[in-house]
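Coordinate analysis (summary)
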4 protein chains.
Amino acid sequence: MPDKVTDVIEELALANRILAHEGVLDAFGHVSLRHPADPGRYLLSRSRSPALVEPDDILEFTLDSEPTRPPKVQLYSERVIHGCIYQARPDVIAVCHHHAPAIMPFAVAGKPVVPVFHLGATMGEDVPFWDQHDEFGDTNLLVVKPEEGRSLARALGRHSAVLMDRHGATVVGGGLKELVSRAIFMCQNAEYQMRALTLGVPQPLHRGEIKLAGSINLQPNVVTRTWEYWTMRLEAAGAMPPRRTATKAARRPVPKPSRVTPRERRKGRRR
Amino acid sequence: MPDKVTDVIEELALANRILAHEGVLDAFGHVSLRHPADPGRYLLSRSRSPALVEPDDILEFTLDSEPTRPPKVQLYSERVIHGCIYQARPDVIAVCHHHAPAIMPFAVAGKPVVPVFHLGATMGEDVPFWDQHDEFGDTNLLVVKPEEGRSLARALGRHSAVLMDRHGATVVGGGLKELVSRAIFMCQNAEYQMRALTLGVPQPLHRGEIKLAGSINLQPNVVTRTWEYWTMRLEAAGAMPPRRTATKAARRPVPKPSRVTPRERRKGRRR
Amino acid sequence: MPDKVTDVIEELALANRILAHEGVLDAFGHVSLRHPADPGRYLLSRSRSPALVEPDDILEFTLDSEPTRPPKVQLYSERVIHGCIYQARPDVIAVCHHHAPAIMPFAVAGKPVVPVFHLGATMGEDVPFWDQHDEFGDTNLLVVKPEEGRSLARALGRHSAVLMDRHGATVVGGGLKELVSRAIFMCQNAEYQMRALTLGVPQPLHRGEIKLAGSINLQPNVVTRTWEYWTMRLEAAGAMPPRRTATKAARRPVPKPSRVTPRERRKGRRR
Amino acid sequence: MPDKVTDVIEELALANRILAHEGVLDAFGHVSLRHPADPGRYLLSRSRSPALVEPDDILEFTLDSEPTRPPKVQLYSERVIHGCIYQARPDVIAVCHHHAPAIMPFAVAGKPVVPVFHLGATMGEDVPFWDQHDEFGDTNLLVVKPEEGRSLARALGRHSAVLMDRHGATVVGGGLKELVSRAIFMCQNAEYQMRALTLGVPQPLHRGEIKLAGSINLQPNVVTRTWEYWTMRLEAAGAMPPRRTATKAARRPVPKPSRVTPRERRKGRRR
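Residues numbered from 1 in each chain as written. Chains lettered and ligands numbered in written order. Predicted model: local features only at pLDDT ≥ 70, side-chain atom pairs only at ≥ 80, totals over all residues. Heavy atoms only, no water.

Once chain B is rotated about the relating axis by 90° and shifted along it by 0.0 Å, it coincides with chain C to within an RMSD of 0.0 Å. Look at the turn and shift together and you get a four-fold axis relating the two. Minimal C-alpha distance to the rotation axis in chain B is attained by T198 of chain B, lying at 5.3 Å. Looking at the interface residues of chain B, only 3% of them are also at the interface in chain C, so each copy uses its own face. (Least-squares fit on C-alpha atoms with pLDDT ≥ 70 in both. Contact = heavy atoms within 4.5 Å.)

We now examine the pairing of strand β4 (residues 94-98) of chain A. Residue and element names in this part refer to chain A. Among the five residues of β4, five are classified as buried, and the element is accordingly described as predominantly covered. The side-chain alternation of β4 yields two buried faces, one formed by A94, C96 and H98 and the other by V95 and H97. Looking at chain direction, strand β1 (residues 30-34) and β4 are connected through four bridges and run antiparallel. For S32, the partnering residue across the bridge sits in β4 and is V95. (Buried < 20%, exposed > 50% of the residue type's maximum accessible area, 1.4 Å probe, protein only. Helix = DSSP H or I, 4+ residues; strand = E, 2+ residues; numbered from the N terminus. Pairing = 2+ DSSP bridges.)

So, on to the interface of chain B and chain C. In this complex, chain B contributes 30 residues to the contact, which on the side of chain C involves 32 residues. Of the roughly 2900 Å² buried between chain B and chain C, counting both surfaces, carbon and sulfur atoms make up 65%. Contact with chain C buries surface across chain B, with R195, L199 and R225 of chain B losing the most and accounting together for 27% of the total. At the surface where chain B touches chain C, the tally comes to three salt bridges. One salt bridge in this structure joins R48 of chain C and E228 of chain B, with 3.3 Å as the shortest N-O distance. Remark: the boundary between chain B and chain C carries eight residue pairs in polar contact (both at pLDDT 80 or more). If you list the elements that add at least two residues to the side of chain B that touches chain C, you get α6 (176-199), α7 (207-216) and α8 (220-236) of chain B. Looking at side-chain class alone, the side of chain B that touches chain C contains 17 nonpolar, nine polar and four charged residues. (Buried area = accessible area lost by both parts, 1.4 Å probe. Salt bridge = Lys/Arg side-chain N within 4 Å of Asp/Glu carboxyl O. Polar contact = N/O pair within 3.5 Å; in protein donor to acceptor, adjacent residues only side chain to side chain. Nonpolar A, V, L, I, M, F, W, Y, C, P; charged D, E, K, R; others polar.)

With an axial shift of 0.0 Å and an RMSD of 0.0 Å, the rotation relating chain A to chain D amounts to 90°. The fraction of interface residues of chain A whose copies in chain D are also interface residues is only 3%, indicating that the copies meet through different surfaces.

Here we come to the environment of M194 of chain C. Relative to the helices and strands, M194 of chain C is located in helix α6 (residues 176-199). Considering only alpha carbons, one finds M194 of chain C and A213 of chain C, 19 residues apart in sequence, at a separation of 21 Å. Ignoring anything within four residues of it in the chain, the contact list for M194 of chain C reads R195, T198 and L199 of chain B together with P105 and F106 of chain C.

This part covers the interface of chain A and chain D. Contact residues are listed per partner, giving 32 residues for chain A and 30 residues for chain D. Together, the buried faces of chain A and chain D total about 2900 Å²; carbon and sulfur atoms form 65% of this surface. Counting the surface chain A buries against chain D, the share from its top three residues, F28, V108 and R166 of chain A, is 23%. Here chain A is connected to chain D by three salt bridges. On inspection of chain A and its partner chain D, the count reaches eight residue pairs in polar contact (both at pLDDT 80 or more). Per-element tally for the side of chain A that touches chain D: the top contributor is helix α3 (residues 104-109) of chain A, with five residues. The residue inventory of the side of chain A that touches chain D, partitioned by class, reads 16 nonpolar, 10 polar and six charged.

Below is the structure:
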């Protein structure tokens, strides 16, 4: 019997592969989804390159980024990125951390990405920077400690994305398809902005245009059309994920909501 | 029984997929064709990514961009681009609106594309700009109102293409294959022009060369050869559109010409 | 019964597809071979995109670029490029004319390509420019008249390649595999040279290095290894040409050598 | 009966194809592995493009780069690169020499590659240059003489990679997977560094970050995950190498360790 959780787990596996196929994720990077039945949990793959993720790889985590069951597999070391953002931002339903080639020059040069075409407007008027070195000094640049995750979430603030110096970017969405769309078009925008610099001075969208184009391009009919397009491209490449196995689905019942009040979540549960 | 309309509908579906496969169209963008039996109508797909368009997706529209039958499907919101240009330019048989990566840096930096190699000459001596903000202030940058479409058509004027600031480009042709050829080579030209800037100052073609190279490269034997080449590449990728279904063809008879006098069409039917 | 001519015709079809697959040729461009049994003739495909060329498309031409049999098919309009070079350069066995994306920025900016890595050395110390406008004023930029072909051949001189302003390049070789290797590595060299400009000043090879690296990289064991590699890539893409049909082979006997004395050929038969 | 040597030979063939598929190796370049049973020998393919290498192509060489059996096939002319580095660096288990497009602009412009993102840190704080012309004057730029190989090894010193002016790069690793990972991420790093220059000034990692990120990214769980990813990509492209043939395996017994004392190896056996 298919259920809501199986549906979203399959959709999350698909999102992993779409983002890999469209050049946002590669060997590394990850994408998560807030649990549809419990806002105090989130879904994320075991440690695996996103292009390979299957529904059966998807595990449940608390917002402290602890697995809800003792894991038998390797976990992503940077999952606090997800947990800390879900804590700080109750409006966020999906999170993607990546090192896409299109945004790396900006993360390396410390230059801001700004919306330069209508589809780039979904990233918002500006994208803040976060330099792990500022607060934590020399590290291996991975975001593994809760305080590092919380610091990143603070830098993200109310924005839709944050650039991480010498590392990559983290993008959030009010839904999975919205997130996928924003992540892909932010990369296209960065590419056009950089290439426009060869010709002259890139002209960003007017502030009012960013608001209007940003919201129209997150309309369900728009993100549904792009989702269909990217899925078709994945299918044409023979790279679709398998379905979730039935036994797996049976074994994993819908969890009881964890005891996090909406207010706690709004406060981001900073301890 | 195959008929002329079925033929051009299949050709239009093929043009959609060729332009997608050659990097002009992606999730967005659209290409239309004036109706072969009625210059007061045009053919355009339902709202769908061009790489997915099938003959059965193709619908008929009046030059006011209203569907000739009550639609059961989502329509492209920007179809006034097509209708308004067909009204203003009786010589135009096919229209393509796109956001190709090759031209985006020019649309973002506001720098003109000029013909720098013989195959680029089919775009003509210069390509005007149109900034939706100039006349309409803050918008979501989509061209959805008739007055926006007419404004764009005025900016296009007698040219073969128009760049749209912070948005993309619209290209026209005196035939579908001519349009496809111009759109693709304009992208190549833009790419070479931009890369030549890294080396020094791109040398545009002499005015006389633009005329001569522009016309030779629209000769039927030339556009037929490129059409064969791009079709073969699409076939090799296993991405050819299906044929039109027989019932669909039977159900949709050749329309009676709409009551638009050639003079009205020449005047562009501005109301 | 396979014969020498059938072998080279199949090899020429393969060269067409290799050069297309490796990004030197696209919808346009062509590659020819001096006839193995008659230096006064050459072999070239009918007008067709190189990626599609089959052995049965290959026709014979005199050095005046006239087909040796009345043609039933469309011919390349620019075949004088080939004939005039074979007349002027008895040492040349194969010729390729192309508009590869890698060299176009140089042809557009009028900046010289110079060998910047060992494999680029096969193009020689320098590559001259030819601007059709200098001698012929406004044209459609196609090289179609014998005097245009002869002018181009003069600009080529004793060099291995010539850049054609606002048009492309023509490359020659003392053998087909040598030509293919030179054409491909000249493109790679151009690419590296252009990208090195972003970093600083590209350092060309020393004069002595050009001579030594240029000759080692044309050794049979080297061009055989690259030929094997590019053939494998073509095979992996499922794009190999078919064999020559037996009837075709039977119908086309080895021609009697044309009456061109070696001295005439050395003089380039300029009339 | 599968054995350790067959395993590593198959792994080395796989490494050849992964590096080719990920854009590090092309028609040229080679990758070798120190013999697992005898540090005085190394394994390297016969002369063949890496994308084509099969386990049965892999031969054994002494550290003087002589084949341990009389060869019936063509050998890479530049194998002293491998032998001389294994002599000079007992800690080195795998060596790759390549001309990847990503690093060529640096080798051409003589500009250093520096780590600009965490995954690039595995190349170390700096990558020295070696200009064959400095010591050997005009050559064909191939590293074929033992003195050339030793000179290159001296330039490499204790570093993880060395750039070769107007030629390419050589990268080393303490294991095969480590080498593959370093070679691929060094290319990505070079690409991001070059593109960041279009935007402004690339910010290298802090010295402490290089150490910490460099070591975490060589952890077995990290290189295993990337190895799985790159293998999957190779499989998806249908480009996996075949297994080693059984007879071949039977015929080639594990060699007795050659008579090189560890001390001799540490001294690099310079004669």
